[in-house]
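One letter stands for each residue in the lines below.
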Amino acid sequence: MFMGFARHIGEMSHLTANIALSLVQGKVSLKSIFAQCYEQGIGSLPLVLVTAVLSGIVTSQQGGYQFTSSIPLYILGSVVSSSVVLELGPVMTAFVLIGRVGARITAEFGTMAVSEQIDALHSLGRDPVPYLAAPRVIAGMIVTPILVGVANAVGVLTGLVSARATMGLGPEAFLYGARLYWHSWDLFYSLSKAFVFGFMIPVISVHMGLRTHGGAEGVGRNTTTSVVFMIITVLVVDATFPPLFLN
Amino acid sequence: MTSTPMGITPMIEYEDVHKRFDAPVLSGVNLAVMPGETMSVLGTSGTGKSVLLKTTIGLIIPDRGDVRIDGRSVYQDGKGSLRELRKSVRYVFQYAALFDSLSVYENIEMGLDPEALEALPKGEVLDRIAKSLENVNLDPRKVLNKLPAELSGGMRKRVGLARAIVGEPRIVLYDEPVTGLDPVNAATVNHLIISIAERTKVTSIVVTHDIEGALEMSDRVALLDSGKLRFVGTPDEFRRSTEPLVMAFADRRAAAAAALKMLAENEDDNLPGSMGSGSTGARA
């Protein structure tokens, strides 16, 4: 098991190095990067907005319930903004991207691998790394922080609206509470986490897709394994960030 | 590097090629294919025919041995050499391996060398693509903008052929070109391989199960069995061969073909409206 894990890490490091090299050598088409940004960014936006809205509402509701008659309600502004910006915005967006982008990339590349389209690319003198993998990984690193930024803003805003609607907490009080414990670093922390997720999700999905074999069954198996790897990676990275950057 | 008594260097040369996955697949294959020659490699499923073909352009790397193209080693001269060699070799995949998201035009365009593609005016690229489609009996006006999913199996194979020949390669490798095709489409593809070879003098290796097609289109045929070449010779030598393996292979194929023919005839007899014994529809 350890050898298998080490082999995955080694192959993904090799893939990352090749992506960086093809980028430096100018082999990656800007048109493909824009197309992937559109596909990953605009395509994922509706689902990201839905999760952001629900995250904001749930945090606001639960926080308000716990604070009733014990802690000043304006603190809810801080709880909602911190929870959404530090944790829920990046992680929920990452989960959306795993399901919508990562699984799709693995299935797409897996199908290409089992139907010999990847071999065809090699035989036609096209390297799949700059041609297929790099645009997806670069697009992931560009759009994920933007999506997380949008999710953060929408999550806090819906938290504010929800607090007003159900607990009667006015926007001024909510924003006062939010500003009271706000650190600019939090936003940088949130977007940095998003950047790492935006890199890891496509790298894992591309890697798992390219090593697919065994027909339709292999595509299904590798897509499932890829999703599991991506979820675990996101959770491990998420758990690694606070001790490294919030102390 | 070997050369013939006439001093001609083989276009493709396999030297002691070994490959093993869970079990040995190729066990010391030696074969030389001469310039302009069409060589068919026959053998039952799982004997390593496709693996041998893929070692030619580094899609599968042999464990031992070497492959030389026009005297240059595919494996011992570094990755740059492999990239360079791939420009002159095209591979026709078993199920065409067309790119799903690209149109027929874009698929065939991929057959042109990337550097050559940048240098060519758009009009000339279109002309070349149209010509390559005409060479495989497809009407460019009808298929150029279609996606692979909109084509029949036979048309996809022919687009795969067009992609292989558009860049005017020196070598074309065919991996089971008629597998999955009906006899009419299979005959069409076999004739296209012959006409491409005659017109362009390209060196070809055809991996196939189709004995009759192979004997018709090839200058020489080879029989691969258990990872070793058991026979290499002309179609006439193959037909006359008394080698037990050659005879067994030919007999097995002939027996299978006869059985299929009989099955087809029986099915025809059983069709509603026919006069066969099982024809309930005709009697109703």
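Because the structure is predicted, anything quoted here is derived from the model rather than measured. (Residues numbered from 1 in each chain as written. Chains lettered and ligands numbered in written order. Predicted model: local features only at pLDDT ≥ 70, side-chain atom pairs only at ≥ 80, totals over all residues. Heavy atoms only, no water.)

Draft legend 1. Expanded view of the environment of Asp225(B). Residues and elements named next belong to chain B. Locating Asp225 in the fold gives a position in strand 9 (residues 220-225). Asp225 gets classed as buried once you look at its relative accessible area, which sits at 18%. Between the C-alpha atoms of Asp225 and Ser45, which are 180 residues apart in sequence, the distance is 9.5 Å. Excluding residues within four positions of it along the chain, Asp225 makes contact with Thr47, Arg230 and Leu245. (Helix = DSSP H or I, 4+ residues; strand = E, 2+ residues; numbered from the N terminus. Buried < 20%, exposed > 50% of the residue type's maximum accessible area, 1.4 Å probe, protein only. Contact = heavy atoms within 4.5 Å.)

Draft legend 2. Representation of the interface of chain B and chain A within the structure. Opposite the 22 residues of chain B that make contact, chain A presents 13 residues. For the pair chain B and chain A, the two sides together bury roughly 1,400 Å², of which 56% comes from carbon and sulfur. The three residues of chain B that bury the most area against chain A are Phe93(B), Phe99(B) and Met110(B), which together make up 35% of that side's buried surface. Counting across the chain B and chain A interface gives two salt bridges. In this structure, Asp119(A) engages Lys54(B) in a salt bridge whose closest nitrogen and oxygen atoms are separated by 3.5 Å. (Buried area = accessible area lost by both parts, 1.4 Å probe. Salt bridge = Lys/Arg side-chain N within 4 Å of Asp/Glu carboxyl O.)

Draft legend 3. Structural context of the side chain of Thr47(B). All names here are of chain B. Here Thr47 is to be found in the loop between strand 3 (38-42) and helix 1 (49-55). Classification of Thr47 by relative accessible area gives buried; the value is 5%. With residues near it in sequence (within four places) discarded, Thr47 still touches Val25, Leu224, Asp225, Ser226 and Gly227.

Draft legend 4. Here's a closer look at helix 8 (residues 215-245) of chain A. All names here are of chain A. In a regular helix each residue adds 1.5 Å, so 31 residues correspond to 45 Å; helix 8 covers 44 Å between its end C-alpha atoms and thus fits that length. The set of residues buried in helix 8 consists of Gly218, Val219, Asn222, Thr223, Ser226, Met230, Thr233, Val234, Val237, Asp238 and Phe241. Buried-residue contacts for helix 8 involve helix 3 (75-114) and helix 7 (184-210). (Expected span 1.5 Å × (residues − 1).)

So, to be careful, I would describe these as geometric facts and stop short of saying anything about function.
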